[in-house]
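Structure assessment
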Amino acid sequence: MTQDEMKKAAAEAALAFVEKGSIVGVGTGSTANFFIDGLGRMKEDIKGAVASSEASAQRLASHGIRLFDLNDVSEMPVYVDGADEIDGSLAMIKGGGGALTREKIVAAVAGRFVCICDQSKQVAVMGKFPLPVEVIPMARAHVARQLEALGGRPVLREGFTTDNGNIILDVHDLEITDPKGFETTVNQIAGVVTNGLFALRGADVLLLATPEGVREIKEG
């Protein structure tokens, strides 16, 4: 199986977690796009979706799926999204596509987070994939200095602005052995909106696509 075929297999497996008549939380990225396409085939069975980015909202709309503002949603059984890295505790690095803040907010509302990815994203220790940090523009230099003090090498994502109008610093050279602690530490830096560690609210279920099929891995 190619990587795209594995991504699609994981996304298709996630459709089984969608509750009939519910509003579905939908992530952002190449694997999430396969899930959106699958959701389009069952749009009559769901009430609609909450998107974590403008790009996902456009793709959902193209399938005729009703979009909801998260502020109007009090209950959302499941959020489905990919990951850039995921470890054995189902903590993740996300934000390669730049939608980390909205992804984190939508995930916080959902009853269950189903992560979909191919086996290349599974790691023993996170940090090889640069950690995205969304930053208020005026705080760029200050946040960069603080991230350097934590042992990282922050690099401005050139020519990129988030859907919230902010910048992203991608932090290289990290070895994240305490994901929850590091997520908290980075979020406490003045000027940081949030960072791409999803550890305090990690995945509940991982659907990991391999050449042999999709494995379901649960938290704990």
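Residues numbered from 1 in each chain as written. Predicted model: local features only at pLDDT ≥ 70, side-chain atom pairs only at ≥ 80, totals over all residues. Heavy atoms only, no water.

Spatial strand order, β4-β5-β11: 3 strands in an open sheet with antiparallel pairing. At either margin of the open sheet sits one strand with a lone partner, and together these are β4 (85–86) and β11 (197–198). Examined bridge by bridge, β4 and strand β5 (residues 92–93) share 2 bridges and lie antiparallel to one another. Across the sheet, Ile86 pairs through a bridge with Met92, a residue of β5. (Pairing = 2+ DSSP bridges. Helix = DSSP H or I, 4+ residues; strand = E, 2+ residues; numbered from the N terminus.)

What follows deals with the pattern of salt bridges. For the structure on display, the rule yields 10 salt bridges. With a closest N to O distance of 2.6 Å, Asp81 and Lys94 form a salt bridge. Here Asp81 is found in strand β3 (residues 78–81), whereas its partner Lys94 is found in the loop between β5 and α4 (100–109), with 13 residues between them in sequence. Here the two residues Asp81 and Lys94 agree in accessibility, since each one is buried. Via salt bridges that share partners, Asp81, Lys94 and Glu103 belong to a single interconnected network. (Salt bridge = Lys/Arg side-chain N within 4 Å of Asp/Glu carboxyl O. Buried < 20%, exposed > 50% of the residue type's maximum accessible area, 1.4 Å probe, protein only.)

Below, the discussion takes up the nonpolar core. Membership of the largest hydrophobic core comes to 24 residues, with the highest contact counts inside it found for Val24, Val26, Phe35, Leu39, Val114 and Ile116. Of all elements in the fold, only α1 (3–14), β1 (23–26), α2 (30–41), β3, β6 (112–118) and β12 (205–210) reach the threshold of two or more residues within this core. In terms of residue count, the dominant contributor to this core is α1 (4 residues). Discounting residues that sit within four places of it in the chain, Val114 has contacts with Ala14, Phe17, Val78, Tyr79, Val80, Asp81, Val205 and Leu207. Within the second largest apolar cluster, 22 residues are counted, among which are Ile86, Cys115, Leu206 and Leu208. (Core = buried A, V, L, I, M, F, W, Y, C linked by side-chain atoms within 4.5 Å. Contact = heavy atoms within 4.5 Å.)

A few words now on the sheet that holds strand β9 (residues 167–172). Taken together, the 4 strands give an open sheet; going across it, the order is β8-β9-β7-β10, and neighbouring strands pair in antiparallel fashion. Bordering the open sheet on either side are β8 (153–156) and β10 (192–195), each of which pairs with just one other strand. For this sheet, the mean inter-axis angle between neighbouring strands, taken without regard to orientation, is 30 degrees. Its contacts with the sheet put α4 on β7 (131–135), β9 and β10, and the angle it makes with β10 is roughly 70 degrees. Set on the sheet, helix α5 (residues 140–149) makes contact with β7, β8, β9 and β10; between it and β9 the angle comes to about 15 degrees. (Axes fitted to C-alpha atoms, helices over the stretch in contact; angles between N-to-C directions.)

Buried within α5 we find Val143, Ala144 and Leu147. The buried residues of α5 occupy one face: seen down the axis, they fall within an arc of 100 degrees. What points out from α5, more than 90 degrees from its buried face, is the exposed set Arg145 and Ala149. Elements that come into contact with the buried residues of α5 comprise β7, β8, β9, α6 (179–187) and β10. (Arc of directions from axis to C-beta.)

The next subject is the pairing of strand β2 (residues 48–51). Both faces of the sheet carry side chains from a regular strand, because those side chains alternate between them. By the bridge criterion, 4 bridges tie β1 to β2 in an arrangement that is parallel. Across the sheet, the residue bridging to Gly25 is Val50, located in β2.

Relative to the helices and strands, Ala13 is located in helix α1. Taking the C-alpha atoms as reference points, Ala13 and Arg215, 202 residues apart in sequence, are found 9.6 Å from one another. Once residues within four sequence positions are removed from consideration, Ala13 is found in contact with Leu207 and Val214.

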